Amino acid sequence: MRGTGAFGCPRWKDGDVYDLTRLSPVDFETLALDLLQAEWGHRLEAFKPGRDQGIDLRYSCPEGTKTIIQCKHYAGSGLSALRAHLQKTEIQKIRALSPDRYVLFTSVPLSVKRR
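The present account deals with the structure reproduced in this document. Because the structure is predicted, anything quoted here is derived from the model rather than measured. Residue positions are counted from 1 within each chain, in the order its sequence is given. Since the coordinates come from a predicted model, pLDDT governs what is reported: local features require at least 70, and pairs of side-chain atoms require 80 or more to be given and counted, while whole-chain, interface and lining totals use all residues. Hydrogens and water molecules were not included; the side-chain quantities draw on all heavy atoms of the structure.

The way it works is that DSSP assigns letters per residue, a run of H or I at least four long becomes a helix, a run of E at least two long becomes a strand, and they are numbered from the N terminus. Considering the arrangement of structural elements, one finds Glu90 in helix H2 (residues 79-97). The class for Glu90 is buried, based on a relative accessible area of 3%. For Glu90, the side chain forms a polar contact with the side chain of His85, separated by 2.9 Å. The residues contacting Glu90, other than those within four sequence positions of it, are Gly54, Gln70, Lys72 and His85. Exposure categories follow from relative accessible area, calculated using a 1.4 Å probe and restricted to protein chains: below 20% of the type maximum is buried, above 50% is exposed, and the middle band is partly exposed. Counting of polar contacts relies on pairs of N or O atoms within 3.5 Å, with two restrictions inside protein: one atom must be capable of donating a hydrogen and the other of accepting it, and residues adjacent in sequence are counted only when both atoms are side-chain atoms. The contact criterion used is simple: two residues touch if any of their non-hydrogen atoms lie within 4.5 Å.

Here we come to the layout of surface pockets. Cavity: a set of points on a 1 Å grid over the protein atoms alone where a 1.4 Å probe fits but cannot get out. Pocket: an open set with protein on both sides within 12 Å along at least five of seven lines, its lining residues, like those of a cavity, having an atom within 4 Å of a point. Grid points are joined across faces, edges and corners, and a volume is the space filled by probe spheres set on the points. Its boundaries defined by the atoms lining it, the second largest pocket holds a volume of some 300 Å³. If you list the elements that add at least two residues to the lining of the second largest pocket, you get helix H1 (25-40) and strand E3 (66-72). Element by element, the count of residues in the lining of the second largest pocket is highest for H1, at six residues. The classification used treats Ala, Val, Leu, Ile, Met, Phe, Trp, Tyr, Cys and Pro as nonpolar, Asp, Glu, Lys and Arg as charged, and all other residues, Gly among them, as polar. Among the residues making up the lining of the second largest pocket, the classes are represented as eleven nonpolar, four polar and five charged.

Here we take up the nonpolar core. Put simply, buried Ala, Val, Leu, Ile, Met, Phe, Trp, Tyr and Cys residues joined by side-chain atoms within 4.5 Å make one nonpolar core. Phe28, Ala32, Leu33, Leu36, Leu44, Leu57, Tyr59, Cys61, Ile69, Cys71, Val103 and Phe105 form the largest nonpolar core, which has twelve residues in total. Elements represented by at least two residues in this core include exactly H1, strand E2 (57-60), E3 and strand E4 (101-106). In terms of residues, this core owes the most to one element, H1, which gives four residues. Dropping the residues within four chain positions of it, Cys71 is found in contact with Phe28, Glu29, Ala32, Asp56, Leu57 and Phe105. One finds Tyr74, Leu79, Leu86 and Val108 within the second-largest nonpolar core, a separate group that totals five residues.

Attention shifts here to H2. Here the bend at each residue means the angle between axes fitted to two seven-residue stretches, the one ending at that residue and the one beginning there. The largest bend along H2 measures about 55 degrees and falls at Glu90. Residues of H2 that are buried sit in contact with E3 and E4. Backbone geometry just downstream of H2 places Ser98 in the positive-phi region, at approximately 50 degrees.

On to the sheet that holds E4, then. For sheets, the rule is that strands pair by backbone hydrogen bonds, running either parallel or antiparallel. By this definition, two strands are paired if DSSP reports at least two bridges between them. Ordered by their spatial adjacency, four strands build an open sheet running E1-E2-E3-E4, and the pairing between neighbours is mixed. Bordering the open sheet on either side are strand E1 (45-46) and E4, each of which pairs with just one other strand. The sheet contacts of H2 involve E3 and E4, and relative to E3 the element is tilted by about 160 degrees. Every axis in this analysis is a line fitted to C-alpha atoms, fitted for helices over the stretch in contact. Angles between the N-to-C directions lie between 0 and 180 degrees.

Moving on to the pattern of salt bridges. Pairing between side chains of opposite charge can happen when their charged atoms approach one another. Note on definitions: salt bridges are taken to be side-chain nitrogens of Lys or Arg within 4 Å of carboxyl oxygens of Asp or Glu. Under the defined criterion, the tally for this structure stands at three salt bridges. Note that Lys72 and Glu90 form a salt bridge whose closest N and O atoms lie 3.2 Å from each other. Highlighted residues: Lys72 in strand E3 and Glu90 in helix H2, separated in sequence by 18 residues. Considered together, Lys72 and Glu90 belong to a single accessibility category, that of buried residues. Several salt bridges share partner residues, and in doing so they unite Lys72, Glu90 and Lys93 into one network.

What is shown is where atoms sit, not what they do.
Here it is as structure tokens:
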């Protein structure tokens, strides 16, 4: 870490490692919202915690296309648990929603080979 930024928040430098296991599921979704909005330059819709029918965040393009973002905070569980959950629970929701674009935002470390 390198000092503090606005509102006393830590300012990170390249190469710093983030311990995502310390975030609650709600905090992880908030992190995803903030990062994706900054990266994409678009405002995303966020929804209250709880059963979300497979939608944690959403972007509806003016042209009518929709992007669905699911946030899966499985840092402590690993890739096997994430895959099992997606196959057992989420794949049916994704198919039913039929988004133009689907984004999985996860805390599971992924290698090039495992993506």
